[in-house]
Amino acid sequence: MLRLLKYASAILAALALGGAAATTVSGNASDTENADSSLVSSSPYASRNLPTDYTDNGAVSSSSSSVASSSSSAVSSTSSSKPTAKPEKVVPSAKKLRGRAHYRKYSRLIRFQKGRRGDVVTLRDRHGRFVASFKVRHNGKFDVRLSRHQAYLLSHEGSYFQFTVQKKGYRAYTIHYKIYA
């Protein structure tokens, strides 16, 4: 959107420049209209919608069109220099981290499966408040040991908790894990 606005403003500036030069061909307005119509009809640019500048001797110069092209190329070169971020990939549901066994209320052990080395897992309670965070050390099944206070915070209010998995190059995903009494 910003590129489009910059491009449009560059074109308007070039057109305004061309319009101001065209109205200052001669001293009075009636001569300008007559001079403009005679010059436009004999101009090689008459069939195209290109801005033109008129000089005092009646010759047509294309300096404003070169200004327009140089300003538009300057705009395009500055906007293309920004690096574009790669779109994040989505982890397929078959490869997502999940719970291996039922989590009992106030339990200090959480069992997971389908872990991938390097994933960062964040545990949050039902209200989204942070409880714990850890990094997966190896692929496959693993257990997480919580302190008594963390277990209390995780399962005190509500019937589920959430864990969010962040994987490099992939979009983060959140899983709701049910708490069994």
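Residues numbered from 1 in each chain as written. Predicted model: local features only at pLDDT ≥ 70, side-chain atom pairs only at ≥ 80, totals over all residues. Heavy atoms only, no water.

Quick look at the environment of Ala-151
Inspection of the secondary structure assignment puts Ala-151 in helix H4 (residues 148-155). Excluding anything up to four places from it in sequence, Ala-151 contacts Tyr-103, Tyr-106, Ser-107, Arg-108 and Leu-146. (Helix = DSSP H or I, 4+ residues; strand = E, 2+ residues; numbered from the N terminus. Contact = heavy atoms within 4.5 Å.)

Focus: the sheet that holds strand S4 (residues 103-104)
One open sheet accounts for five strands, arranged S4-S10-S9-S6-S7; its pairing is mixed. Of all the strands in the sheet, the pair left with one neighbour each is S4 and strand S7 (130-135). As defined by bridge partners, S4 adjoins strand S10 (residues 173-180) across two bridges and the pair is classed as parallel. Within the sheet, the bridge partner assigned to Tyr-103 lies in S10 and is Ile-179. Running over the sheet, H4 touches S4, strand S6 (120-124), S7, strand S9 (160-166) and S10 and is turned about 120 degrees from S7. (Pairing = 2+ DSSP bridges. Axes fitted to C-alpha atoms, helices over the stretch in contact; angles between N-to-C directions.)

Observations concerning the confidence of the model for the protein
The pLDDT averaged across the protein works out to 77; a share of 64% of its residues lies at or above 70. When the criterion is pLDDT under 50, residues 34-43 qualifies, and its contacts beyond four places in sequence or with other chains add up to nine contacts. Segment residues 61-69 is flagged for pLDDT under 50; beyond a separation of four residues in sequence, or across chains, it makes 13 contacts in the model. (pLDDT = per-residue confidence, 0-100.)

Topic: the pattern of salt bridges
Overall, the coordinates contain four salt bridges when judged by the stated rule. Here Asp-143 and Arg-111 are joined by a salt bridge, their closest N and O atoms 3.6 Å apart. Within this pair, whereas Asp-143 is found in strand S8 (residues 140-145), its partner Arg-111 is found in strand S5 (residues 109-115), the two being separated by 32 residues in sequence. On the basis of relative accessibility, which here comes to 33%, the residue Arg-111 falls in the partly exposed class. (Salt bridge = Lys/Arg side-chain N within 4 Å of Asp/Glu carboxyl O. Buried < 20%, exposed > 50% of the residue type's maximum accessible area, 1.4 Å probe, protein only.)

Let's talk about the sheet that holds S5
Two orientations exist for strands paired in a sheet by backbone hydrogen bonds: parallel and antiparallel. With antiparallel pairing, the three strands of this open sheet are ordered in space as S3-S5-S8. The open sheet has two free edges, formed respectively by strand S3 (98-99) and S8, since each of these has just one partner strand. Two strands pair when backbone bridges link them, and S3 and S5 are joined in this way by two bridges, in the antiparallel orientation. Within S5, the residue paired with Arg-98 across the bridge is Gln-113.

Brief notes about the packing of aromatic side chains
By the definition in use, this model includes nine aromatic pairs. On the numbers, 5.0 Å between centres and 80 degrees between planes, the contact of Phe-112 with Phe-163 is edge-to-face. Separated by 51 residues along the polypeptide, Phe-112 in strand S5 and Phe-163 in strand S9 bring together distant segments of the chain. Phe-112 sits in the buried class, given a relative accessible area of 0%. (Phe/Tyr/Trp six-rings, centres within 6.5 Å; stacked < 30°, edge-to-face > 60°.)

Examining the nonpolar core
Ranked by size, the top nonpolar core spans 22 residues in total, and within it Tyr-103, Ile-110, Phe-112, Leu-123, Phe-161 and Phe-163 carry the most contacts. Counting residues per element, the ones that place at least two in this core are S5, S6, S7, S8, H4, S9 and S10. If near-sequence neighbours (up to four positions away) are discounted, Phe-112 is found in contact with Leu-97, Arg-98, Gly-99, Arg-100, Leu-123, Phe-134, Lys-141, Phe-142, Val-144, Phe-163 and Tyr-177. (Core = buried A, V, L, I, M, F, W, Y, C linked by side-chain atoms within 4.5 Å.)

Quick word on a nonpolar patch on the surface
Together, Tyr-7, Ile-11, Leu-12 and Leu-15 give the surface a local cluster of nonpolar side chains, amounting to about 370 Å² of exposed area. When you line up the elements, Leu-12 lands in helix H1 (residues 2-23). In this structure Leu-12 comes out as exposed when scored by relative accessible area, which is 59%. (Patch = residues over 30% accessible without salt bridge, like charges linked within 9 Å, V, L, I, M, F, W, Y side chains within 5 Å. Areas by Shrake-Rupley, 256 points an atom, 1.4 Å probe, with all protein chains shown as cover.)

Side note on the environment of Lys-89
Among the structural elements, Lys-89 can be located in the loop between helix H3 (63-79) and S3. Sequence separation between Lys-89 and Lys-167 is 78 residues, and the spatial gap between their C-alpha atoms is 9.9 Å. Leave out the neighbours within four places in its chain, and Lys-89 touches Gly-169, Tyr-170 and Arg-171.

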